[in-house]
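Structure at a glance
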Amino acid sequence: MSAANGALGFPDGFVWGSATAAYQIEGAADIDGKGPSVWDTFSHAPGNVRGGDTGDIACDSYRRYREDVALMASLGLKAYRFSISWPRVQPGGRGPANQKGLDYYRALLDELAGHGIAATVTLYHWDLPQELQDAGGWPVREVAERFADYAALCAQALGDRVTRWITLNEPQVVANNGYRHGQHAPGLKDDSAAAATTHHLLLGHGLATQALRAAGAAEVGITLDLHPIRVLGDGRPGDVEAARVITDALVNGIYLEPVLHGRYPAPAPADMLPPPALVADGDLTTINQPLDFLGVNYYSPIFLRAGDPADLRRNEERSRSGVPGVVEYRPGELERTTMGWLVDADGLYDLLQEVSKQAPGLPLYITENGRAAEDYVNPQGQVDDIERVRYLNSHLEACARAIRDGVSLAGYFVWSLMDNFEWAWGYQKRFGIVYVDFGTQRRIPKSSAHFYSEVVRANAVPRSAPA
Ligand code: FCB
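Figured I'd write up the structure that's included with this text. Keep in mind the model is a prediction, meaning the values are calculated, not measured. (Residues numbered from 1 in each chain as written. Predicted model: local features only at pLDDT ≥ 70, side-chain atom pairs only at ≥ 80, totals over all residues. Heavy atoms only, no water.)

1. Thoughts on the overall build of the protein
Summing up its helical and strand segments, the protein has 14 helices and 16 strands in all. Computed over the C-alpha atoms, the radius of gyration of the protein is 21 Å, within 12% of the 23 Å expected from 2.2 N^0.38 for a compact globule of 467 residues. Overall, the C-alpha framework of the protein stretches about 60 × 60 × 45 Å when taken along its three principal axes. Taken across its 467 residues, the protein has 60% of its residues classed as buried. In the protein, the share of contacts with a sequence separation of at least 24, taken over all contacts with a separation of at least 6, comes to 75%. As displayed, the protein offers around 17400 Å² of accessible surface, 50% of which is attributable to carbon and sulfur atoms. Within the protein, the 57 negative side-chain charges are centred at a point lying 3 Å from the centre of the 42 positive side-chain charges. (Helix = DSSP H or I, 4+ residues; strand = E, 2+ residues; numbered from the N terminus. Rg over C-alpha atoms; globule rule 2.2 N^0.38 Å. Buried < 20%, exposed > 50% of the residue type's maximum accessible area, 1.4 Å probe, protein only. Contact = heavy atoms within 4.5 Å. Areas by Shrake-Rupley, 256 points an atom, 1.4 Å probe, with all protein chains shown as cover. Lys, Arg positive; Asp, Glu negative; His and termini not counted. Charge placed at Lys NZ, Arg CZ, Asp CG, Glu CD.)

In structure tokens, the structure reads:
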């Protein structure tokens, strides 16, 4: 596995790709029969998105997909993770397909195939058809069934062209940001709606997985955003360890355990779990479908230490575990991105080890990893995003080390192929390895794109620091 010049090599056949999501890049919000999604509604309501930005135009990739696929090919990328907009192919979230919507995805898939790029398709990256939200949204059990119908429809129409299906992207974010705290569509602040959403998303995942398999789909998995819960320093006082277990259950276990083991995590406080009345007999078996892989999105860890929640120090916050004498904190020595997210490549290594302990041998894919930075076009016309190069270097090293140490990591998708609509932050936060000038839609590969392209070509990552 060790490549020339001390670089760390990846196994043959390692899948190198980039990722995007429909609402963040497509634009074309209401053409060719597309129905509105909750994100169309949410972004158009004043005050929800920074600067009043919407996804109406975004990267205009609905029209420019050929250029975008050519860009990936020029970088040597071998895989593309994108999402299907549910209301583009089923405008109201139920009933017959909108043929023009399917035609678009078929054309995109053909274009990818023509360039030798394998498609990983996410069915749900947050753009619920507004009509289903009007009928109650994810807190209503029936939405899980509609999601399975939509999955079957996509697999029947597009399955021959898709290598890998992902049912849901980050259900944790949908439940918490969308239904509990309201920063994301549909903007609700309702604990019981959030708890029901958690269960119905998971049920939707199980039913959709069955539907995809019945339609002959190739590989099926789910993408979870996972956060290693870290404790620095020597020793781990009992209450910090107790808080670690609860925090892990709340943030990761709530999704990971039902999917992998068919149960909700015992350490999670009951009021954060779906109420037993919502969990029908057999639901957890339905949720616990055999998977071909698990998609892991990694951005940031959560740190815990002993502290006083009633007397918080610099960089400390209350612990969501509620355990007395413990606080969450953000170590001052770690870099933060422009999102305020901690940069911690060791956290990725730990996370991969942890997940592979829980799912021995299950192929893992990093389906998102990346960072926001203050990118700009310099007078030479270049975008020299050294922070992102450093970030990718250290995180890819963490991946290579994890593989060396036995983790079955099968691929990596950088978030994101290009700058795009970053949800509540609009276009202010840039995550792309390709810069987008939104006024002209000009694409400029950043230094990180050239770096990543070199890694893909060599199937190896240079060492960023002595190991
Ligand atoms: C993830 C989302 C993705 C993107 C990144 C930065 O939570 O899945 O769409 O916004 O964060």
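Having put the structure on the table, let's press on.
2. Regarding unusual backbone geometry
Put simply, Ala185 and Pro186 share a cis peptide bond, and its omega is 5°. The residue after Trp415, namely Ser416, is reached through a cis peptide bond having omega 10°. The topology assignment puts Ser416 in the loop between strand 13 (409–415) and strand 14 (434–437). A positive phi is found at Asp32, a non-glycine position, where the angle reads about 55°. Take Asp32: it is sitting in the loop between helix 1 (22–25) and helix 2 (38–44). Of the residues examined, Asp32 reaches a relative accessible area of 31% and is grouped as partly exposed.

3. Some details on the sheet that holds strand 9 (residues 302–306)
Pairing is mixed across the open sheet formed by 4 strands, whose spatial order is 7-9-11-10. On the outer flanks of this sheet lie strand 7 (229–231) and strand 10 (316–318), each paired with one strand and no other. Recorded for the sheet is a direction-independent mean angle of 45° between the axes of neighbouring strands. Across 3 bridges, strand 7 lies against strand 9 in parallel orientation. Bridge pairing links Arg230 to Phe303 in strand 9. (Pairing = 2+ DSSP bridges. Axes fitted to C-alpha atoms, helices over the stretch in contact; angles between N-to-C directions.)

4. Digging into the sheet that holds strand 3 (residues 79–83)
Within the closed barrel, the 8 strands sit side by side as 2-3-4-5-6-8-12-13. Their pairing is parallel. Along the sheet, successive strands turn relative to each other by an average axial angle of 25°, direction set aside. As paired elements, strand 8 (residues 293–297) and strand 12 (residues 364–368) share 4 bridges and run parallel to each other. Pairing of Gly295 across the sheet is with Tyr365, part of strand 12. Its contacts with the sheet put helix 8 (residues 171–180) on strand 4 (118–124), strand 5 (164–169) and strand 6 (219–225), and the angle it makes with strand 6 is roughly 40°.

5. Things to note about the site of the ligand
The full set of residues close to the ligand is Gln24, His125, Trp126, Asn169, Glu170, Tyr299, Glu368, Trp415, Glu422, Trp423 and Phe431. Within the side chain of Glu170, one N or O atom sits 2.5 Å away from an oxygen atom of the ligand. The contact in question runs from an oxygen atom of the ligand to an N or O atom on the side chain of Glu368, over 3.0 Å. According to the grid-proximity analysis, the pocket containing the ligand is the largest pocket. Along the lines of polarity and charge, the residues of the shell around the ligand split into 5 nonpolar, 3 polar and 3 charged. (Near = heavy atom within 4 Å. Polar contact = N/O pair within 3.5 Å; in protein donor to acceptor, adjacent residues only side chain to side chain. 1 Å grid on protein atoms, 1.4 Å probe; cavity = no way out; pocket = protein on both sides within 12 Å on 5 of 7 lines; lining within 4 Å. Sits in = over half its atoms within 2 Å of the grid points. Nonpolar A, V, L, I, M, F, W, Y, C, P; charged D, E, K, R; others polar.)

6. Some details on empty space enclosed by the protein
This model, assessed by the stated rule, comprises 3 cavities of 30 Å³ or more. Looking at the largest cavity, its volume works out to about 80 Å³. Lining the largest cavity we find 16 residues, and of these Ile25, Ser61, Tyr80, Tyr104 and Leu108 sit closest to its centre. In the lining of the largest cavity, the residues fall into 11 nonpolar, 3 polar and 2 charged. (Points joined across faces, edges and corners; volume = space filled by probe spheres on them.)

7. With respect to the pairing of strand 15 (residues 442–445)
Note that strand 14 and strand 15 share 4 bridges and pair antiparallel. Looking at strand 15, one finds that Tyr435 is bridged to Ile444. A loop of 4 residues connects strand 14 with strand 15, the two strands running antiparallel in sequence, and Gln441 in this loop sits at a positive phi of about 65°.

8. Observations regarding helix 10 (residues 238–261)
Taking 1.5 Å per residue, 24 residues should reach 34 Å; helix 10 reaches only 27 Å between its end C-alpha atoms and comes up short. In helix 10, a bend of some 70° at Gly253 exceeds every other bend along the element. Positive backbone phi, approximately 70°, marks Gly262, located one or two places after helix 10. (Expected span 1.5 Å × (residues − 1). Bend = angle between axes of the 7 residues up to and from the residue.)

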